[in-house]
Amino acid sequence: MKKITLYTLIVLLAFSSCQKDFLDEKPLDFLSSTNAYQNYDGLNATINNLYWFTRRVFFNRDESRPFDFLYGTDIIYDGEQSTNRHSNMIAAYDPTSGIPATHWDNLYTMVVESNLVISRAPEADLTEEEYIDVVAQAHFFRAFAYRTLVYLFGGVPLVLEEVSTPRTDFVRASKAEVLNQIIEDLNYAAEHLPAINQVKDGKLSNLAAQHLLAEVYLAAGRPQDAVDAATIVIDDPATGLMQSRFGSRSGEPGDVYWDLFRKNNQNRASGNTEGIWVIQFETDVIGGGSVSSGKDGSFALERHHVPFLRDTKVNGINLFVWPVSGLTGGRGIGWGISTKYFSDEIWESDFDNDMRNSEYNFIREFLVTNPASPLYGDTISTQNPPAGLVVPSRPFYAYQSKATTPFNHPDGLYADKDNYLLNNSAGATYTDQYMFRLAETYLLRAEAYLGLGNTSKAAEDINEIRSRAHANPVAAANVDIDYILDERMRELGVEEKRRLTLMRLGLLYDRVKAHNPYYADEIQPAYNLWPIPAEEIERNIDAELEQNPGYNQ
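Residues numbered from 1 in each chain as written. Predicted model: local features only at pLDDT ≥ 70, side-chain atom pairs only at ≥ 80, totals over all residues. Heavy atoms only, no water.

Caption draft 1: How the structure looks around unusual backbone geometry. That bond from Trp 322 to Pro 323 is cis: its omega, -5°, falls within 30 degrees of zero. Residue position: Pro 323 is located in the loop between strand E4 (317–318) and strand E5 (336–338). In the segment running from Val 391 into Pro 392, the intervening peptide bond is cis, with an omega of -5°. Along the chain, the position of Pro 392 falls in the loop between strand E8 (379–381) and strand E9 (399–400). (Helix = DSSP H or I, 4+ residues; strand = E, 2+ residues; numbered from the N terminus.)

Structure (structure tokens):
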């Protein structure tokens, strides 16, 4: 597929904005490039596309690019060497590589579509309520795209208006200028978006904007403002950490943390007051993303993060019937192997009592299910594996059950539902996905308090999370940024877009070097930012688009 550069996007939009048919037809009862942005339906269609595009960028574009936010960090590593999974980092982060270029293109597409709404809305036939609805969401999405761009690339070109003529003169704004624009957009969104209890599940609210504001204020070095924004979210009467069993599988063995990640439990309709912005997947619904007959269109987290149990053998004999919709994980293929830091070391102080590390949430014990194995009927553990099994390795390691839907895959994926046997089309995670969750808001506020030097208040917020998990409280004296990053790993795990957190803090290099031996010899300080894609620099002939330090032009 041909790459779409920022230049190409501008050219395409200029063409669609300016061209006139030689017959000068005036469409009245269908959408076209002439009338698409003249009324609420047309503008709202673009807003809906921004929701779709967000899901695509972060979750279901394919089985590679959404996982760029996990690979090459401190949480997982590649089980089958591929540049797609950030093995060979020199190649993965080359300015000509598809990894940074794809994200650059996708995020600027979001910017361009947001600008179309913001620029066209004042002239469109809208009520005041309709105007506020589309423009507030557009400001949020523009901020959301630029927030991701600035964490990944540093200062980037700021394009804030619809561009009607081709441009080859982009220059990089400073990181501070980009962050200030994001804050301005988010403040507009926070003021004008509806309350969280007034929007449909999946739609943006004022609290989604405040949550993101707290994060961006941290990036801008404004910790008190971050505290204030996070406090608005935390203190809202419509939000609260889930403390008791709830939802679709609350009658089964498990705990409240397990419930947070079961099918249909992410949204407010389930009673969940913790989800702030939840990305929607509707199986077998046009535009809904996922289908019951395969993994395409869904979030392939199961495929990446669950071990490849098919190849787990002792004395040459397979231990497991595979794939099975159970705690063995579905049809994982062991690409995203947990680092030992993630699976073992961060839990040492509370290994047996932290709910997030329970047998339901971090799977370490597996019942041997192959009758041909001498170990049939035994339970084997990643903590004390049978002789001949290497831990961690692609066939056998501890993983987070939030990556899959045990005993609850769509009917179309079962080869034998009575025995929970799956067919070869499985491999996706059939749940809605958190983009923002209240537990993270507490951790953002803890980080802000740390920035203010108030470790006591930081510890209080961390302990709200730890108390829910039945973990021992942390003392204020032990709170530093590494502890907060560890707590984020415990609470958010593979749910978090970990790369964005580490690159926001400028700590990707440090954390990988310290905690992920797989990448430790390849990681370089320059990788705290990605390179500006080479094709953007080459096309930008009328101004200098500077490359990030440490990369070839």
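Next comes the rest of the description.
Caption draft 2: Expanded view of the nonpolar core. By size, the foremost hydrophobic cluster in this structure holds 147 residues, and its most contacted members are Phe 140, Phe 144, Tyr 146, Leu 149, Ile 182, Trp 277 and Phe 436. The dominant element in this core, judged by the number of residues it contributes, is helix H5 (residues 128–153), at 15 residues. Excluding anything up to four places from it in sequence, Leu 149 contacts Trp 104, Leu 107, Tyr 108, Val 111, Gly 154 and Val 156. Counting residues in hydrophobic clusters, the runner-up holds 10 residues, among them Phe 246, Leu 260, Met 355 and Ala 469. (Core = buried A, V, L, I, M, F, W, Y, C linked by side-chain atoms within 4.5 Å. Buried < 20%, exposed > 50% of the residue type's maximum accessible area, 1.4 Å probe, protein only. Contact = heavy atoms within 4.5 Å.)

Caption draft 3: The arrangement of H5 in detail. The terminal C-alpha atoms of H5, which comprises 26 residues, lie 37 Å apart, in line with the 38 Å expected from a rise of 1.5 Å per residue. Counting buried positions along H5 yields 21 of 26 residues, so the element is predominantly enclosed. Two residues or fewer past H5, Gly 154 is found with a positive phi of approximately 85°. (Expected span 1.5 Å × (residues − 1).)

Caption draft 4: Here's a closer look at the packing of aromatic side chains. Overall, the coordinates contain 34 aromatic pairs when judged by the stated rule. Stacked on the ring of Phe 362, the Lys or Arg Arg 364 has its end atom at 4.5 Å from the ring centre. If you follow Arg 490 out to its NZ or CZ, it ends over the ring of Tyr 483, 5.1 Å from the centre. (Phe/Tyr/Trp six-rings, centres within 6.5 Å; stacked < 30°, edge-to-face > 60°. Lys NZ or Arg CZ within 6 Å of the ring centre and 35° of its normal.)

Caption draft 5: Quick look at the pattern of salt bridges. This model, assessed by the stated rule, comprises 38 salt bridges. As a salt-bridge pair, Asp 62 and Arg 61 come within 2.4 Å of each other at their nearest N and O atoms. Take Asp 62: its relative accessible area is 28%, and that puts it in the partly exposed class. The salt bridge involving Arg 468 is made with Glu 274; its shortest N-O contact spans 2.9 Å. Here the residue Arg 468 occupies a position in helix H13 (residues 455–468), and Glu 274 occupies one in the loop between helix H9 (256–260) and strand E2 (275–279), the gap between them amounting to 194 residues. For the residue pair Arg 468 and Glu 274, the accessibility class agrees, reading buried in each case. (Salt bridge = Lys/Arg side-chain N within 4 Å of Asp/Glu carboxyl O.)

Caption draft 6: Representation of helix H2 (residues 40–60) within the structure. Taking 1.5 Å of rise per residue, 21 residues should cover 30 Å, and H2 covers 28 Å from first to last C-alpha, within 8% of that figure. Its side-chain oxygen at 3.3 Å from the backbone nitrogen of Asp 41, Asn 39 defines the N-terminal cap of H2. (Polar contact = N/O pair within 3.5 Å; in protein donor to acceptor, adjacent residues only side chain to side chain.)

Caption draft 7: Quick look at the side chain of Gln 137. Along the chain, Gln 137 falls in helix H5. Overall, Gln 137 belongs to the buried group, its relative accessible area being 1%. Among the polar contacts listed, one links the side chain of Gln 137 to the side chain of Tyr 51, at a separation of 2.6 Å. Dropping the residues within four chain positions of it, Gln 137 is found in contact with Ile 47, Tyr 51, Leu 193, Lys 203 and Leu 204.

Caption draft 8: Representation of the environment of Glu 496 in the model. Summarising the element assignment, Glu 496 is placed in the loop between helix H14 (481–492) and helix H15 (498–505). Each C-alpha atom, one on Glu 496 and one on Phe 436, is 9.0 Å from the other, the two residues being 60 residues apart in sequence. Glu 496 has contacts with Leu 70, Arg 488 and Thr 501, leaving out every residue within four places of it along the chain. Here Thr 501 takes part through its side chain, which lies 2.4 Å from a polar atom of the side chain of Glu 496.

Caption draft 9: Region of the structure containing the pairing of strand E12 (residues 433–437). Most of E12 sits out of view: five of its five residues are buried. Across four bridges, E2 lies against E12 in antiparallel orientation. Of the residues in E12, the one forming a bridge with Val 278 is Tyr 434. (Pairing = 2+ DSSP bridges.)

Caption draft 10: Summary view of the environment of Ala 520. By secondary structure assignment, the location of Ala 520 is in helix H17 (residues 517–520). In this structure Ala 520 comes out as buried when scored by relative accessible area, which is 12%. Distance from Ala 520 to Gly 72, taken between C-alpha atoms, is 9.6 Å for residues 448 residues apart in sequence. Residue contacts for Ala 520: discarding those within four places in its chain leaves Val 512 and Lys 513.

Caption draft 11: Up close: the side chain of Asp 68. Its place among the elements puts Asp 68 in the loop between H2 and strand E1 (76–78). Taking relative accessible area as the criterion, Asp 68 reaches 0% and is therefore assigned buried. Polar contacts involving the side chain of Asp 68 include one to the side chain of His 103, which spans 2.7 Å. In contact with Asp 68, not counting residues within four places along its chain, are Asn 84, His 86, Ile 99, His 103, Arg 499 and Trp 530.

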